[in-house]
Each structure stands twice: as structure tokens, then as C-alpha cells.
Amino acid sequence: MTKYFHFMIFNNINELKVVADFEANFCGQLCGEYPELTDMGIRIYTDKQGTGFIKQWDNSNNSPYTSNHAVTEIMRSEDIYNKCGFTEGEEFAILAHELGHIVSGKRGQKSENNFQEELNADQVAASLGLASYMASAIQKMIDLNINPANNGEMERRISALI
Ligand SMILES: [Zn+2]
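In short, a report on the structure. (Residues numbered from 1 in each chain as written. Predicted model: local features only at pLDDT ≥ 70, side-chain atom pairs only at ≥ 80, totals over all residues.)

**Things to note about unusual backbone geometry**
Stated precisely, the cut-off is as follows: Counting from the N terminus, the helices are the DSSP runs of H or I reaching at least four residues and the strands are the DSSP runs of E reaching at least two.
The phi torsion at E15 lies on the positive side, around 50°, for a residue other than glycine. Tracing the backbone shows E15 in the loop between β1 (10–12) and α1 (17–33). One non-glycine residue, T72, adopts positive backbone phi at about 55°.

**Things to note about the nonpolar core**
For clarity, the cut-off: The nonpolar core is taken to be a set of buried Ala, Val, Leu, Ile, Met, Phe, Trp, Tyr and Cys residues joined by way of C-beta atoms within 7 Å. Exposure is read from a count of other C-beta atoms within 10 Å of each residue's own; the residue is exposed at 12 or fewer, buried at 20 or more and partly exposed in between. C-beta atoms are placed from the backbone. The contact criterion used here is simple: two residues whose C-beta atoms, placed from the backbone, lie within 7 Å are in contact.
The biggest cluster of nonpolar side chains holds 38 residues, and the ones touching the most others in it are A93, A96, L99, A125, L130, M134 and A137. Looking at this core, the elements that each hand over two or more residues are α1, β2 (42–46), β4 (73–76), α4 (88–106), α5 (114–127) and α6 (131–143). Broken down by element, this core gets its largest block of residues, eight residues, from α4. If sequence neighbours within four positions are ignored, A125 has contacts with A93, A96, H97, L130, A131 and M134.

This is the structure:
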């Protein structure tokens, strides 16, 4: 029997349910807006189960998700992720945000201003109707002091979303 693999937006290495559900819900809208996502096959994996460039070289461990457009990867850091206790909607928003970074990188449109780059990525979540989820996900990261140096910037990102 032939098995067909459709790598659409993601190559869902660890078969994460939230990733499959995100794709089922938002692929149509996202791939309309960003056609290059359709066949991008972004390798998405957790730092406990999967392995790739980010895990080897960029495991900074101050964020639940890390993306790298050059190697087309997203990694979820399980310790921080589990601490945050995101709802499904919040995690959808974060996935959209990470896709925003990957698209801007692939298009050579990454802002040199890191804060502006974060605002732009947040707008991808907002474009899917996930602005309030993005804001509450950021609030959880502030409350848990995941990356204290970024708390001020994260407060300003929330203000831009709500
Ligand atoms: Zn970001």
C-alpha cells in the first residue's frame, strides 16, 4: 500500500496534535496570503523528541518556541512550554507568530529592528483572528518571567495587539 505524505506548511516530525490542528484550521488562509508556505515543509519538533539545527546550535532556552528561517525549522522547548500551560488558541497564535518570522526571513523582509520584527510576526497571528490569544500567551510569558530582559518589550507587544 502506498502511503502519501503531504508536507504542506509543516513537516510535523513528532506528530504534534496542535500542529496538525493548526494546519487543518489555518492552512487555507495562510497559504493564500503566503503561497510559499504551501510546500515549505517546515521541520517542527520538540527539544525532547526531535533533533535539528536549532536544537544543536540555538538552544537558548528562554522561549517556548524558536524558529530559524535559514534552516526552515521551528523547535518547541518542552520545559518552558509545559510551564506556560498555553491553551490551544494561544498555541495557534504562537505558531502563526513563528511562521511570520519564517516568511519574513525567506522573503528577505526581516526587520533589522528586533522589536518591529516581533510586531510584524504578531500581526500574522492577528490576521488569523488570534490577536487576543497572542496577547494572553505573551502575558503568560511575562508572568512566568521566562525572559526577564524582554518583559518591557512584551508589554508593548500586548499594547499593540489589544
Ligand atoms: Zn518572535
